[in-house]
Amino acid sequence: MRIALNQPVRPDQLSDLYRRAGLARPIDDQARLARMLEHANLLVTAWEGEQLIGAARCFCDYGWVCYLSDLAVDASLQHQGLGRALVAAVQAEIGSECQLVLLSAPTAMDYYPRLGFQQASHAFYIPRPAH
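Worth saying up front: this structure is predicted, and the values here are computed from it rather than measured.

Q: Mind showing me how you'd approach the packing of helix α1 (residues 11-21) against helix α2 (residues 30-39) here?
A: Packed helix pairs are characterised by how far apart their axes lie and by the angle those axes make with each other. Between α1 and α2, the shortest axis-to-axis distance is 9 Å and the interhelical angle comes to 100 degrees. What the angle tells us is that α1 and α2 run roughly perpendicular. Along the contact surface, α1 presents P11, D12, L14, S15 and Y18, while α2 presents Q30, L33, A34, M36 and L37. Class assignment for the residues of the contact of α1 with α2 results in 7 nonpolar, 2 polar and 1 charged.

Take a look at the structure:
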């Protein structure tokens, strides 16, 4: 297994990973996934040979905040430290001046504190309209 920084990922590879990870994303909309990849400015990925097995997709200003938009690990490889390794690689890249933030899926609320995240009670969001 190898961890890579900003290695190109095709939309179909990301779709396949999200499907295997059980992540609720638009996995059948290749154009939308392409935009998601194109506009993320920090992408840390994990590979087993040529297969994408993990990804941390982020938006970062490298001075104040980094938003971890997606953390996906192949379900067959979860609970082995891969998510922790991806987050550590993000932290190493952004440095100590940046705060790492995310919105957790309800099913992962107990996971992120184990990685050192603190739960915030002061976050707001405008939900996407239902399509």
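Here the narrative resumes.
Q: I would appreciate a short explanation of the sheet that holds strand β5 (residues 99-101) in the present structure.
A: Each strand in a sheet pairs with another by means of backbone hydrogen bonds, the pair being arranged parallel or else antiparallel. Taken together, 5 strands build an open sheet; the order of strands is β1-β2-β3-β4-β5 and the sheet is mixed. Each having just a single partner strand, β1 (2-5) and β5 make up the two edges of the open sheet. Averaged over all pairs of adjacent strands, the angle between their axes in this sheet comes to 25 degrees, without regard to strand direction. Examined bridge by bridge, β1 and strand β2 (residues 42-48) share 4 bridges and lie antiparallel to one another.

Cut-off values and rules
Residues numbered from 1 in each chain as written. Predicted model: local features only at pLDDT ≥ 70, side-chain atom pairs only at ≥ 80, totals over all residues. Heavy atoms only, no water. Axes fitted to C-alpha atoms, helices over the stretch in contact; angles between N-to-C directions. Helix = DSSP H or I, 4+ residues; strand = E, 2+ residues; numbered from the N terminus. Parallel < 35°, antiparallel > 145°, perpendicular 65-115°, else oblique. Contact = heavy atoms within 4.5 Å. Nonpolar A, V, L, I, M, F, W, Y, C, P; charged D, E, K, R; others polar. Pairing = 2+ DSSP bridges.

Function cannot be read off these values alone, since they describe shape.
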